[in-house]
Amino acid sequence: MVYKFGVVGYFMSDDCVFCKIVNGDIPAEVFLANDDFIVILDANPKVEGHLLVIPKRHYDNFLDFPLEVYEKFLVTVKDAVEKLGVKDFNLILNNGKDAGQVVGHLHLHILPRKEGDGFEIGA
Ligand code: AMP
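This section reports on the structure supplied with the text. Fair warning: this is a prediction, and the values are worked out from it, not measured in the lab.

1. Comments concerning the environment of Val69
So, point 1. When you line up the elements, Val69 lands in the loop between β5 (51-55) and α2 (70-84).
So, point 2. Remark: the alpha-carbon pair of Val69 and Phe37, spanning 32 residues in sequence, is separated by 10.0 Å.

2. Topic: the site of the ligand
So, point 1. The environment of the ligand is made up of Val17, Ala28, Ile40, Asp42, Ala43, Asn44, Leu52, Asn94, Gly100, Gln101, Val102 and Val103.
So, point 2. Split into classes, the residues belonging to the shell around the ligand amount to seven nonpolar, four polar and one charged.

3. Examining the sheet that holds strand β7 (residues 108-112)
So, point 1. Spatial strand order, β3-β4-β5-β7-β6: five strands in an open sheet with antiparallel pairing. Two strands bound the open sheet, and with one partner strand each, they are β3 (30-33) and β6 (89-92). The sheet shows a mean angle of 20° between the axes of neighbouring strands, taken without regard to direction.
So, point 2. Summarising the sheet, β3 and strand β4 (residues 37-41) pair through three bridges and their orientation is antiparallel. By the bridge assignment for β4, Val30 is matched with Ile40.
So, point 3. On top of the sheet, α2 reaches β3, β4, β5, β6 and β7; it is set at about 25° to β7, its chief contact.

Rules behind the numbers
- Residues numbered from 1 in each chain as written.
- Predicted model: local features only at pLDDT ≥ 70, side-chain atom pairs only at ≥ 80, totals over all residues.
- Helix = DSSP H or I, 4+ residues; strand = E, 2+ residues; numbered from the N terminus.
- Near = placed C-beta within 6 Å.
- Nonpolar A, V, L, I, M, F, W, Y, C, P; charged D, E, K, R; others polar.
- Pairing = 2+ DSSP bridges.
- Axes fitted to C-alpha atoms, helices over the stretch in contact; angles between N-to-C directions.
- Contact = placed C-beta atoms within 7 Å.

Shape descriptors only; they carry no functional weight alone.
This is the structure:
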């Protein structure tokens, strides 16, 4: 894996789809953005309004994620939830392959929930 600085000045990984989105190399529906995070619509939504909160800087997973960004991370999650205008939602972070992490760039799923939406955690 090769790391370099992207055009936005963030440490990025060459073969990472989320780094490419952050860098503007591949398109995504950006729902919200700030200095450190982007929130995009998931390309394969499990429920309506399925979002991904993605740090602009590349971290492989939660264990690499530094303490200093925790607060900004949670503030970004809250901003996104408030913008969605929902009260019922799941926050899911798949950490590691066995836990279902497919994209090796830390991200948190926000899944707005409605009665009868058919979504089951782990399914
Ligand atoms: P995970 O299984 O936690 O790694 O989830 C990765 C998520 O990224 C999945 O829900 C995918 O649908 C989503 N995803 C992958 N590629 C893209 C993309 N180019 N744009 C938006 N979402 C994506």
